Amino acid sequence: MTTSTTPTTAATSTGTDAGPSPARALPSRPVGRGGTEKPSVIATGVLLLGALYCLIPIVWVLIAASKSADELFSTFTLAPSTHLLQNLQDLFAYRDGLFLRWAGNTVLYAIGGALVSTLVSAAAGYGLALFDFRGKKLFFNLILAGVLVPAVILAVPQYLLFAQAGLANTYWAVFLPSILNPYGIYLARIYAGASIPREMIEAARTDGAGELRIFTRFAVPMMLPGLVTVFLFQFVGIWNNYMLPYIMLGDDSLFPITVGLSTLMNQGSSQPAMYTTVITGALVSILPLIALFLLLQRYWQSDLTGGAVKG
């Protein structure tokens, strides 16, 4: 008996079913130890340059705050000294602790204004994203137009309005204009539309939940990472705001840190020792911002992880 052998398949010769040919395979990226991709040298260099650009001013402030008034202009810029504690004592003792009053005012303006502004932005963004009503598109376009208007242009008209209302040179003159943030409303609207499913809202309404309950119990937790971003943007904006309190306030006991340090800087021409006080105050003023970003960054990380799982 003769046994004939038949080729198993033509695919072995043509390679059509055996996967992509080595010649057509995508070029692989360089892989380091542990199977991880090696970072690009150019990308790493650009990131390092960006980090240095952001960190060098902070390092300079830290070093300059450690110098005395004479050393500030007579020694090498990046050469530290040993007068930091003395400069801090002089800063906090200036006019019976006026800097601490400025710091308290800044915390009040920034935290209060950012919290209320975030709540308003969340409600407005939620309504624009999930409700249909007449004039919705026009209203959203007006908000976008508000994003494009610089805040400094509105400072003088706001002062005239607050002066007529008798609120100029008060805490309300700085607090109330900070509540409405067009950019925060825009971000909240985009994030609400992407993170809140309409089916869940309809199911909650079917179960008898009211709109306020739906917003507070379901919408806000889903929007939380985006609202943290809105809060941080608004907090930093109010903390660093100079023009609005400068125009609105005349009593130095109501000043935030930005305006207070500016008044001290103006005294530097006649009192050079005030320069070290201003620099030390600037160092103290950036510490809460750094701490806040480090504290709240976990919300961004959880948001990125959730987005990766959904994708």
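Only a predicted model underlies this, so the values are computations on that prediction, with no experimental measurement involved.

What counts and how
- Residues numbered from 1 in each chain as written.
- Predicted model: local features only at pLDDT ≥ 70, side-chain atom pairs only at ≥ 80, totals over all residues.
- Heavy atoms only, no water.
- Helix = DSSP H or I, 4+ residues; strand = E, 2+ residues; numbered from the N terminus.
- Buried < 20%, exposed > 50% of the residue type's maximum accessible area, 1.4 Å probe, protein only.
- Contact = heavy atoms within 4.5 Å.
- Areas by Shrake-Rupley, 256 points an atom, 1.4 Å probe, with all protein chains shown as cover.
- Core = buried A, V, L, I, M, F, W, Y, C linked by side-chain atoms within 4.5 Å.
- Polar contact = N/O pair within 3.5 Å; in protein donor to acceptor, adjacent residues only side chain to side chain.
- 1 Å grid on protein atoms, 1.4 Å probe; cavity = no way out; pocket = protein on both sides within 12 Å on 5 of 7 lines; lining within 4 Å.
- Points joined across faces, edges and corners; volume = space filled by probe spheres on them.
- Nonpolar A, V, L, I, M, F, W, Y, C, P; charged D, E, K, R; others polar.
- pLDDT = per-residue confidence, 0-100.

Caption draft 1: Examining the overall build of the protein more closely. Helix and strand counts for the protein come out as 14 helices and zero strands. Shown N-terminal to C-terminal, the secondary structure of the protein runs as helices and strands in the order α-α-α-α-α-α-α-α-α-α-α-α-α-α. Evaluated residue by residue, the protein yields a buried proportion of 32% over its 311 residues. In the protein, the share of contacts with a sequence separation of at least 24, taken over all contacts with a separation of at least 6, comes to 70%. Counting every atom, the protein has about 19600 Å² of accessible surface; 67% of that belongs to carbon and sulfur.

Caption draft 2: Inspection of the nonpolar core at higher detail. If you look at the biggest cluster of nonpolar residues, it comprises 32 residues, and the most contacted ones within it are Trp102, Phe235, Leu249, Ile257 and Leu264. The set of elements that each furnish at least two residues to this core consists of helix 5 (98–130), helix 8 (171–175), helix 11 (211–239), helix 12 (243–248), helix 13 (257–266) and helix 14 (274–310). Considering each element in turn, this core owes the most residues, seven residues, to helix 5. Ignoring sequence-local partners within four residues, the contact set of Ile257 consists of Phe99, Trp102, Ala103, Thr106, Trp239 and Ser285. Core analysis: the second largest hydrophobic core is formed by 16 residues, Ala192, Ile196, Met200 and Leu227 among them.

Caption draft 3: Quick peek at the environment of Thr263. Examined against the element boundaries, Thr263 turns out to sit in helix 13. Note on Thr263: relative accessible area 27%, which makes it partly exposed. A C-alpha to C-alpha distance of 9.1 Å links Thr263 and Asp252, two positions 11 residues apart in sequence. Leave out the neighbours within four places in its chain, and Thr263 touches Trp102 and Phe255. Polar contacts involving the side chain of Thr263 include one to the main-chain carbonyl oxygen of Gly260, which spans 2.4 Å.

Caption draft 4: Quick look at empty space enclosed by the protein. Under the defined criterion, the tally for this structure stands at one cavity of 30 Å³ or more. By volume, the largest cavity is sized at about 30 Å³. Around the largest cavity, the lining residues are Tyr109, Val174, Ile238, Asn241, Pro245 and Pro256. Here the residues of the lining of the largest cavity sort into five nonpolar, one polar and no charged.

Caption draft 5: Region of interest: the confidence of the model for the protein. Counting all residues, the mean pLDDT for the protein is 83, and 83% of those residues have values of 70 or more. Within the protein, the lowest mean pLDDT, 44, falls on helix 1 (residues 11–14), and the highest, 94, falls on helix 5. For residues 1–23, every residue scores under 50 in pLDDT, and the model assigns this stretch two contacts once sequence neighbours within four places are set aside. The model gives residues 304–311 a pLDDT under 50, and that stretch makes zero contacts with residues more than four places away or in other chains.

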